[in-house]
Amino acid sequence: LETIYESKMILNKINLEEKITWKIAGISETDEISYLIERKYRSKFKDNDIQLLGPLQEKELIREMLLSDIFIHPSHIDNSPNSLCEAMLLGMPVIATFAGGIPSIVDDKKDGLLVQDGDPYALAGAIKELKENKNYAKSLGINARARAKIRHSPERIINNLLNIYSSIV
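Residue indices begin from 1 for each chain and proceed along its sequence in written order. Per-residue local features are limited, in this predicted model, to residues with pLDDT of at least 70; the limit for side-chain atom pairs, both in listing and counting, is 80 or more; totals at the level of whole chains, interfaces and linings are taken over all residues. Heavy atoms from the whole structure form the basis of all side-chain values; hydrogens and water molecules are not counted.

Asker: Which parts of the structure should I look at to understand the overall build of the chain?
Answerer: In terms of regular secondary structure, the chain is built from eight helices and five strands. Traced from its N-terminal end to its C-terminal end, the chain shows the element sequence α-β-α-β-α-β-α-β-α-β-α-α-α. Restricting the calculation to C-alpha atoms gives the radius of gyration, and the globule rule supplies 2.2 Å times the number of residues raised to the power 0.38. On C-alpha atoms alone, the chain measures out to a radius of gyration of 17 Å, which is about the 15 Å that the 2.2 N^0.38 rule sets for 169 residues. We call a residue buried when its accessible area falls under 20% of the maximum for its residue type, exposed when it is over 50%, and partly exposed in between, using a 1.4 Å probe and counting protein chains only. The buried share among the 169 residues of the chain stands at 38%. Any pair of residues with heavy atoms lying within 4.5 Å of one another is described as a contacting pair. Residue pairs at least 24 apart in sequence account for 59% of intrachain contacts in the chain once pairs closer than 6 positions are excluded. In this description a helix means any DSSP run of H or I spanning at least four residues, a strand means any run of E spanning at least two, and both kinds are numbered starting from the N terminus.

Structure below.
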């Protein structure tokens, strides 16, 4: 959350063609982490165009994702984040960190952008790049969907599991 906050503060100083509003699902304004981050930076999320949406139901989450230009997953550690895979399946351009198993999901500069964990300047730069080059963002989203459809194909998953069980037996 601190990387998001710092990246947004950097982006607020850059003159982009369009205003960026960051929406975060799963965290609400009343969560303790929200209070701690606002206290640390002496600034409110809403004053930095960061909306904390709180927990969302499946349809609400899909709607928010489809209304968004970019999906960002700035995790410090994550093995196989479902949210990232779901965004890729929706054909969203994604930005994530070189953390845990994420590089096995996203091929940097082909179907998403990977940035160093905890580096708000790298994250802000990646966001700026995709906001200024919409064709590149679109091609990343198309490639992300294609890769995710293969990776999450039910037939492929079933065959892999059957092969694993067969090798064990």
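Asker: So what exactly am I meant to see when it comes to the packing of aromatic side chains here?
Answerer: Geometry of an aromatic ring pair is reported as the spacing of the ring centres plus the angle between the planes. To pair, rings of Phe, Tyr and Trp, with the six-membered ring standing in for Trp, must have centres within 6.5 Å; the planes then decide the type, stacked if under 30 degrees apart, edge-to-face if over 60, and tilted in the middle. The final tally for this structure, using the stated rule, is two aromatic pairs. Arranged with centres 4.8 Å apart and planes meeting at 15°, the rings of Tyr5 and Tyr41 form a pair that is stacked. With Tyr5 in helix H1 (residues 2–13) and Tyr41 in helix H2 (residues 32–41), this pair connects stretches of sequence that are 36 residues apart. A relative accessible area of 0% places Tyr5 in the buried class. Take Tyr41: its relative accessible area is 16%, and that puts it in the buried class. Judged by centre distance (5.2 Å) and plane angle (85°), the rings of Tyr5 and Phe45 are edge-to-face. Of this pair, Tyr5 sits in helix H1 while Phe45 is found in the loop between H2 and strand E2 (50–54), placing the two residues 40 residues apart along the sequence.

Asker: What exactly am I supposed to notice about unusual backbone geometry here?
Answerer: Most peptide bonds take the trans form, and the phi angle of most residues other than glycine is negative. In this structure, Arg42 takes a positive phi of about 50° despite not being glycine. Relative to the elements of secondary structure, Arg42 occurs in the loop between H2 and E2. You will see that Lys109, though not glycine, has its phi angle at about 70°, which is positive. In this fold, Lys109 is placed in the loop between helix H5 (102–105) and strand E5 (113–115).

Asker: Is there a simple way to think about the nonpolar core in this case?
Answerer: As a rule of thumb, nonpolar side chains are buried together in soluble globular proteins. Nine residue types can take part in a nonpolar core, namely buried Ala, Val, Leu, Ile, Met, Phe, Trp, Tyr and Cys, and a core is a set of them joined through side-chain atoms within 4.5 Å. Of all hydrophobic cores here, the largest spans 27 residues; its most connected members are Trp22, Ile95, Ile127 and Leu130. Counting residues per element, the ones that place at least two in this core are H1, strand E1 (22–25), H2, E2, E5, helix H6 (120–132) and helix H7 (134–151). Setting aside residues up to four positions removed in sequence, Ile127 forms contacts with Leu11, Ile20, Trp22, Ile70, Ile72 and Ile95. Judged by nonpolar contacts, the second largest core, of 15 residues, contains Cys85, Ala87, Met88 and Ala144.

Asker: Would you mind going over the environment of Ser75 with me for this structure?
Answerer: The residue Ser75 is located in the loop between strand E3 (71–73) and helix H4 (82–89) in this model. Sequence-wise, Ser75 and Asp49 are 26 residues apart; in three dimensions their C-alpha atoms are separated by 20 Å.

Asker: How should the packing of H6 against H7 be read in this particular structure?
Answerer: To describe two helices that pack against each other, one gives the angle between their axes and the distance between the axes. Axes here refer to lines fitted to C-alpha atoms; in helices the fit is confined to the stretch in contact. Angles between the N-to-C directions go from 0 to 180 degrees. In the contact formed by H6 and H7, the axes pass within 5 Å of each other and the chain directions differ by 100°. Classed by the angle they form, the pair H6 and H7 counts as roughly perpendicular. Residues Glu129, Leu130, Lys131 and Glu132 of H6 lie in contact with H7, whose contacting residues are Lys134, Tyr136, Ala137 and Leu140. For classification, angles of less than 35 degrees are called roughly parallel, those exceeding 145 degrees roughly antiparallel, those between 65 and 115 degrees roughly perpendicular, and all remaining angles oblique.

Shape descriptors only; they carry no functional weight alone.
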